[in-house]
Amino acid sequence: MYFVFDIGGTNMRLGVSPDGETIKESKIVSKPDDFGQGVLTLKKITGELSGGEKIEGVAGGIAGVLNHEKTALAKSAHASSWAGKPLKLELEKAFGCQAYLENDTAIEGLGEAAKGTGQGKGIVAFINIGTGIGGVRIVAGKIDKNSLGFEPGHQIIVPEGNLCTCGGKGHWESYVGGSYLEKIYGQKGENITDPQIWDEIAKYLAIGLTNVAVHWSPDIFILGGSVSRSIPLEKVQGYLNRFLTVFPQAPLITKCSLDDDAGLYGALELLR
Ligand SMILES: [Zn+2]
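None of the values given here were measured: they were computed from a predicted structure.

This part takes up the overall build of the protein. Of the regular secondary structure elements, the protein holds eight helices and 12 strands. In terms of overall dimensions, the protein is globule-like: its C-alpha atoms have a radius of gyration of 18 Å, near the 19 Å expected for 272 residues. Considering only C-alpha atoms, the protein reaches an extent of 55 × 35 × 35 Å along its principal axes. Across the 272 residues that make up the protein, the buried fraction comes to 46%. For the protein, contacts bridging at least 24 residues in sequence account for 62% of all contacts bridging at least 6.

This is the structure we're talking about:
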């Protein structure tokens, strides 16, 4: 039995797989603020899901920037008490097997590339638009090599622009991320109905995608996350086609297909 997880800002999605291919049982629980309590919760729920069967491998993603060795969170806006704690080591102690850690958006993109919209595509750019913006470059079914992960949400699209939670200014997510939409337009993304507002958001989204496209040269864009469900894709594609003048054609922008399970399938890929 394998244990896979996707730990976000507030919730943890946990699952078990008997064959490393399919998710047999999964459950969402709220994430304890305390790190020690978090590890205990992971162990307890996994015991329930697996019916006490021996766990032979553990893999999953967590929101935040991991250290270079991918053994702990280096920095996180959501889980400050988890930052710097030896998560990989504690998981290996708790389950008595190897554990693999990744950034949450990275495993979600890996899942979409392997089992979702990105199947058969060589280079996938997965962009997650939730509270903020995360992203990952997947090449031939693997997370592309990187030093400290991918953070396309923190590219500057407006000089000296909106203040970002990371401390920077004018970052992409501070124009398109869900928490910023609420600040800028006074309502949650899913409640925005004014087509003019969506046009403006689509334009900002397309500016960032243009920058990602010229650096990552993807075959396809896959958008995930809560805000991506409300965004008029045809508008974004229209702007991207207009802005991306250097290539003969712009990559197709698509929506993710695995939704909330993408991270668990990506974690299974990590175990391979
Ligand atoms: Zn930022």
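In the predicted model, the protein carries a mean pLDDT of 94, and the fraction of residues at 70 or more is 99%. Per-element averaging of pLDDT across the protein places strand 6 (residues 73-75) at the bottom with 86 and helix 7 (residues 233-243) at the top with 98.

Attention now moves to the packing of helix 6 (residues 195-216) against helix 7. For the pair helix 6 and helix 7, interaxial distance at closest approach is 8 Å and the crossing angle is 45°. As summarised for this structure, helix 6 and helix 7 are arranged oblique, according to the angle between their axes. When the axes of helix 6 and helix 7 are compared, the crossing they make is right-handed. On the side of helix 6, the interface is formed by Trp198, Asp199, Ala202, Lys203, Leu205, Ala206, Ile207, Leu209 and Thr210, while helix 7 contributes Lys235, Val236, Tyr239, Leu240 and Phe243. When grouped by side-chain class, the residues that make up the contact of helix 6 with helix 7 number 10 nonpolar, one polar and three charged.

Turning our eyes to something else, we now look at the packing of helix 3 (residues 104-115) against helix 8 (residues 262-271). Close contact between helix 3 and helix 8 brings their axes to 6 Å; oriented N to C, the two are set at 85°. By the angle between their axes, helix 3 is roughly perpendicular relative to helix 8. Residue-level inspection shows Asp104, Ile107, Glu108, Gly109, Leu110, Gly111, Glu112, Ala114 and Lys115 of helix 3 in contact with helix 8, the latter providing Ala262, Gly263, Tyr265, Gly266, Ala267, Glu269 and Leu270. Looking at the contact of helix 3 with helix 8 residue by residue, the class counts come to seven nonpolar, four polar and five charged.

Next up on the list: the domain arrangement of the protein. Each assigned domain of the protein is listed here: domain 1 (2-107 + 261-271) and domain 2 (120-255). Taking only C-alpha atoms into account, the centre of domain 1 sits 26 Å from that of domain 2. Counting residues at the interface gives 10 residues for domain 1 and 11 residues for domain 2. When residues of the side of domain 1 that touches domain 2 are traced back to their parent elements, those giving at least two are strand 5 (65-66), strand 7 (99-103) and helix 3. The class makeup of the residues in the side of domain 1 that touches domain 2 is five nonpolar, four polar and one charged.

Tracing the chain through its elements places Ile62 in strand 4 (residues 57-62). Ile62 gets classed as buried once you count the C-beta atoms within 10 Å, which come to 27. A sequence separation of 66 residues divides Ile62 from Asn128, and the C-alpha atoms of the two residues are 14 Å apart.

Taken together, the five strands give an open sheet; going across it, the order is 10-9-8-11-12, and neighbouring strands pair in mixed fashion. What marks the edges here is a single partner per strand, and that holds for strand 10 (142-143) and strand 12 (252-255). In terms of strand pairing, strand 11 (residues 220-224) meets strand 12 through four bridges, oriented parallel. Residue Leu223 lies in a different strand from strand 12, and its bridge partner there is Lys255.

With that settled, the discussion passes to the pairing of strand 1 (residues 2-7). Most of strand 1 is tucked away: six of the six residues are buried. In this sheet, strand 2 (residues 11-17) lies alongside strand 1 in antiparallel orientation, the contact comprising six bridges. Looking at the pairing, Tyr2 lines up with Ser17 of strand 2. With six bridges joining them, strand 1 and strand 4 adopt parallel strand pairing. Residue pairing for strand 4: Tyr2 is matched across the bridge by Gly57.

Reading the values: rules and limits
- In this numbering scheme, every chain counts its residues from 1 along its sequence in written order.
- At least 70 in pLDDT is required for a residue's local features to be given in this predicted model, at least 80 for side-chain atom pairs to be given and counted, and no such filter applies to totals for whole chains, interfaces and linings, which use all residues.
- Only DSSP runs of H or I reaching four residues or more are called helices, and only runs of E reaching two or more are called strands; each is numbered from the N terminus.
- Each radius of gyration reported is based on C-alpha atoms, and the globular scaling rule is 2.2 Å times the count of residues to the power 0.38.
- Counting other C-beta atoms within 10 Å of its own, a residue is labelled buried from 20 upward, exposed at 12 or fewer, and partly exposed in the gap between, with every C-beta atom placed from the backbone.
- We call two residues in contact if the C-beta atoms placed from their backbones are at most 7 Å apart.
- The quantity known as pLDDT measures the predictor's confidence residue by residue, on a range of 0 to 100.
- Inter-axis angles, ranging from 0 to 180 degrees, are taken between N-to-C directions of lines fitted to C-alpha atoms, where helices are fitted over the stretch in contact.
- Roughly parallel means an angle under 35 degrees; roughly antiparallel, over 145; roughly perpendicular, 65 to 115; everything else is oblique.
- Crossing handedness follows the turn of the near helix against the far one: under a right angle anticlockwise gives a left-handed crossing, and clockwise gives a right-handed one.
- Under the scheme applied, nonpolar residues are Ala, Val, Leu, Ile, Met, Phe, Trp, Tyr, Cys and Pro; charged residues are Asp, Glu, Lys and Arg; polar residues are all the others, including Gly.
- Domain start and end points were adopted from an automatic or database domain assignment.
- We call two strands paired when DSSP finds no fewer than two bridges between them.

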